[in-house]
Structure formats: structure tokens, C-alpha cells
Amino acid sequence: MTDVVITGTGLFTPPHAVDNAALVSAFNTWVDAENARRRAAGEPATLEPSSSEFIVKASGIHSRYVLDAEGILDPERMRPRLPARDNDSPSLQCEMGLAAARQAMEAASVAAGDIDLVIVACSNLERAYPAVAVELQAALGAGGYAFDMNVACSSATFAIETAANAIRAGGATRALVVNPEICSAHLNFRDRDSHFIFGDACTAIVLEADALATAEARFTVLGTRLVTRFSNAIRNNAGFLNRVTDSDPLAADKLFVQEGRRVFKEVCPLVAALIGEHLASLSLSGDDLSRLWLHQANRHMNDLIARRVLGREPAPSEAPIILDRYANTSSAGSIIAFHLHRDDLEAGDVGVVCSFGAGYSAGSVVVRRR
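The name an unreviewed UniProt entry assigns to the protein chain is Beta-ketoacyl-ACP synthase III, from the organism Halomonas nitroreducens.

Describe helix α3 (residues 92–108), naming the residues involved and giving the relevant values.
Because each turn of an α-helix spans 3.6 residues, side chains separated by three or four positions end up pointing in the same direction. Taking 1.5 Å of rise per residue, the 17 residues of α3 would be expected to cover 24 Å, and the 24 Å separating its terminal C-alpha atoms lies within 8% of that figure. Among all positions in α3, only L92, Q93, C94, M96, G97, L98, A100, A101, A104, M105 and A108 are buried. Of the residues trailing α3, S109 is marked for its positive phi of about 55°.

Summarise the sheet that holds strand β7 (residues 200–209); cite the residues concerned and give the values.
Sheets are built from strands that pair by backbone hydrogen bonding, the pairs being arranged parallel or antiparallel. Spatially, the nine strands line up as an open sheet ordered β5-β4-β6-β7-β1-β8-β13-β12-β11, and their pairing is mixed. Edge positions in the sheet fall to β5 (145–149) and β11 (289–294), since each has one partner strand and no second. The average angle at which neighbouring strand axes cross in this sheet is 25°, direction not considered. Both strand β1 (residues 4–12) and β7 contribute to a ladder of eight bridges, which runs antiparallel. From the neighbouring strand, I6 faces β7, where its bridge partner is L207. This element, α3, spans β1, β6 (174–182) and β7 of the sheet and lies at about 130° to β1. Contacting β11 and β12 (350–357), helix α8 (residues 299–310) crosses the sheet at an angle of about 150° to β11.

I'd like a description of the pattern of salt bridges, backed by residues and values.
Within the structure shown, the criterion is met by 16 salt bridges. One salt bridge connects E43 with R37, and the closest N-O pair in it is separated by 3.8 Å. Two residues, R262 and E266, come together in a salt bridge whose shortest N-O distance is 3.3 Å. Of the two residues, R262 and E266 are both situated in helix α7 (residues 260–281); the distance of four residues between them amounts to about one turn of the helix. Look at E266 and you get partly exposed, because its relative accessible area is 31%.

Any details on the packing of aromatic side chains? Residues and values, ideally.
If you walk through the whole model with that rule in mind, you get eight aromatic pairs. The interplanar angle of 70° and the centroid separation of 5.2 Å between the aromatic rings of F219 and F338 together place this pair among those described as edge-to-face. Pair noted here: F219 is in strand β8 (residues 219–228) and F338 is in helix α10 (residues 332–340), with a separation of 119 residues, a long-range link. Judged by its relative accessible area of 2%, F219 falls in the buried class. The class of F338 is buried, set by a relative accessible area of 2%. Seen in terms of ring centroids, W293 and F338 are 4.8 Å apart; in terms of plane orientation they differ by 90°. Their pairing is edge-to-face. Of this pair, W293 sits in strand β11 while F338 sits in helix α10, and the two are 45 residues apart along the sequence. Considered together, W293 and F338 belong to a single accessibility category, that of buried residues. Taken together, the ring pairs in this structure connect F219, W293 and F338 into an aromatic cluster.

Let's hear about the UniProt feature "domain: Beta-ketoacyl-[acyl-carrier-protein] synthase III C-terminal" (unreviewed entry) in the protein chain: which residues, and what values?
The feature "domain: Beta-ketoacyl-[acyl-carrier-protein] synthase III C-terminal" (unreviewed entry), as given by UniProt, occupies residues 281–368 in the numbering adopted here. Overall, residues 281–368 shows 30% helix and 25% strand. The separation of its end C-alpha atoms is 15 Å.

How would you summarise the nonpolar core if you had to cite specific residues and measurements?
In this structure, I275 and L292 are the most contacted members of the largest nonpolar core, which totals 52 residues. Listing elements by their share of this core, those giving two or more residues are α1 (20–40), α7, β11, α8, β12 and β13 (361–369). Here this core takes eight residues from α7, the largest share from any one element. Not counting the four nearest positions on each side in its chain, L292 is found in contact with I275, A306, V309, L310, E318, A319, P320 and V352. Membership of the second largest hydrophobic core comes to 37 residues, among which are A175, A201, I335 and A337.

Thresholds, definitions, all that
- Think of each chain on its own: its residues are numbered from 1, step by step along the sequence as written.
- Predicted model: local features are reported for residues with pLDDT of at least 70 only, side-chain atom pairs are reported and counted for 80 or more only, and whole-chain, interface and lining totals are derived from all residues.
- Note that the side-chain values use all heavy atoms of the structure and ignore hydrogens as well as water.
- Segments assigned H or I by DSSP are reported as helices when at least four residues long, segments assigned E as strands when at least two residues long, and all are numbered from the N terminus.
- Any helix carries an expected span of 1.5 Å times its number of residues minus one.
- The cut-offs for exposure are 20% and 50% of the maximum accessible area for each residue type, with area from a 1.4 Å probe on protein chains only; residues under the lower value are buried, those over the upper are exposed, and the others partly exposed.
- For two strands to be treated as a pair, DSSP must find no fewer than two bridges joining them.
- For helices, the fitted line uses only the C-alpha atoms of the stretch in contact; every axis is such a line through C-alpha atoms, and the angle between N-to-C directions lies from 0 to 180 degrees.
- For this analysis, residues touch if any pair of their heavy atoms sits within 4.5 Å.
- For salt bridges, the criterion is a side-chain nitrogen of Lys or Arg within 4 Å of an Asp or Glu carboxyl oxygen.
- A pair of Phe, Tyr and Trp rings is counted when the ring centres sit within 6.5 Å of each other, with Trp represented by its six-membered ring. The angle between the planes then sorts it: under 30 degrees is stacked, over 60 is edge-to-face, the rest tilted.
- UniProt positions are given in the numbering used here, feature names are shortened, and annotations may be inferred rather than shown by experiment.
- We define a nonpolar core as any set of buried Ala, Val, Leu, Ile, Met, Phe, Trp, Tyr and Cys residues linked to one another through side-chain atoms lying within 4.5 Å.

Structure follows, in C-alpha cells:
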């Protein structure tokens, strides 16, 4: 069986950072105006203000990066302003993907022509077709084939398994997995319970057959495991059928909606069990782990999952957190953690990249530092 290794990662971080104070200021200005409008109309003024303290306590998030801050912080708009591009210009997600992919390929010492599989995997694709992955493949000058996939926040780990299996089966020799997440575009910035959750980012990963790899730093993929379980607790009803069902395209259900407490109670045990069973299948346990690169959705979820997997309280270095400054970047989150917190590992150290989210879906990738 061909050994598959991760030889490079890349990260595109948008130019605009928005801290909790700025986000709260815009939200509360809108709340005041909306409550005043309701009172004037004889309706109950029931909207509550937000606060930085509430956001940190609920999630552990202090800031986030976004593609456009001005539109988000405008109380009259409260959504990013991303101008449409003509069909002959690179799409926004292709542009993000190029930045992250070039960084990953440089780290892997791999040229674009050496890539024969490109997977763009993320929660929301900006169009149905042609595939963003095929556009990115052409922009890079990569060969082989390319396709898009969506498994919400688990898209990156599902794509890693798909790419690793293609390499093991001989269908590809080098694969590029790219996760361009524009989460700010599907976030309801007028919902107190979720207006702070998401940020934008793009990650990229190069996977190769070990015999072809030349990068000094590489991580062997020891195994992958995926699980799905249907749930409506996280949902987005935007889609091409909206126009024929005559539904309101700006309705709240066309954006990110979740039952947060239910998600916490149902997802944490699902993910902890997935990782534990995956490790056991590889004759490993929590004691063998040096690092957990977990999905960066909520600090409390990560802490609980890490405790269950390790059987004790994790040290900060064992389960690094990046959501404090990046917020939830959907499928990119666990890869950002891996990208920023792996260089200190020594040969033989074992870690788990794990993502989880809507579906429910969860993916576990066990790696060993070479």
C-alpha cells in the first residue's frame, strides 16, 4: 500500500480584522434602531444588546478576519460588500485558493504541474458550476482532474481522505486540497446568538505519495475515518430552488441557523467517540497523542472533546486554539491549527486533525511526524 504524506500547507488570511467591540457596536446600534421602530409601530421592543463579554464567555472568540469589514459594520447593511465579478475574472474563491495553494506548494517543493488532483472543499461554494476546483486547476496550471465537494465544516477532512485514497489507489500521485471559506457571507449579523461566530479564511494542503516527496518536513497519514448522522440542528436553506418555491431570498433561514446547546450536547460525544475508536483501530490511544488539531468552532467544545480523548485536562500546546483570533472558519479551522501549530513536533510524534459540523459530519485524520 502506498504511504501518503502531507508535505505542505498554506493559509490565506483576509486583510480586515474585526474585534468583538466593533462587532458589538454595530449590532447594538442596529438593535436600538430596530427596537425604536417596533415601539413606534406599537410592537414589543424585545431585542437584547450584545457584549464582548457575552461573546467571549459563549465561544472564546475575541476577533475574526473578514473579506470586507465596512459592510458588516454598517448598521444599515450588516453584511459584507463583495462586488460581482465578470465571468472572465478569477472568482473570489479561486483567488483565495491561489494564495493558499501557492504557499502550500512552496512548502512542499512541488510545482503546479506536478499536481494531478485538485479538490476545493468548503461549506459554501459561490456558484454551482463550473467547479471552482476546475477554475483553480486552470489558474495554477495543474494537471489531472479537479472537483468541488461540500461536507460543511468537515469538508477538509473528508477531502483529505478522498485525496489520500486516490493516491493509495494510484489514481493520483499528488493532490491539492483547498478550503476557501467565505463564512461572513452566510452569517446573520443581526442574530444575537450567532452574529459573532464566523470569520473568513482559506487553507490548502498538499498530499503526495511518500516515494515522490522531497520536502524535509512531512506527516504520514496513518489513517482516516469519517462519520455522518443527519440532524437539522445546523442548517442553511439557501439554494437554487428558492426562486421556484417563491421563498424570501433574504429570510433568516437562508443564512446560518443552529440550535447551539443541542449541537454541543450531540456533537461532542460523537466526535470524542470517533477519535477514540479511530485511534484504537490503529492500536493507539489518547496517551500516544502529542497534538489535537480540532475544529475551531467553540472553545468549550474543543476543551470537552480533548478531555474525553486524552482522559485528562489538555495542556494548551496539546489542543491549540486559533478561534480566539480567527473565529469559526468552518472547514479551514482545524487546518489553520495544523498549519500554525506543528513545527515543534519531533519525529515519531502522533497527532489528530479532526473537524465536525453540520450534517452532522465529522472527520478524523491521524498523522505521524516523519
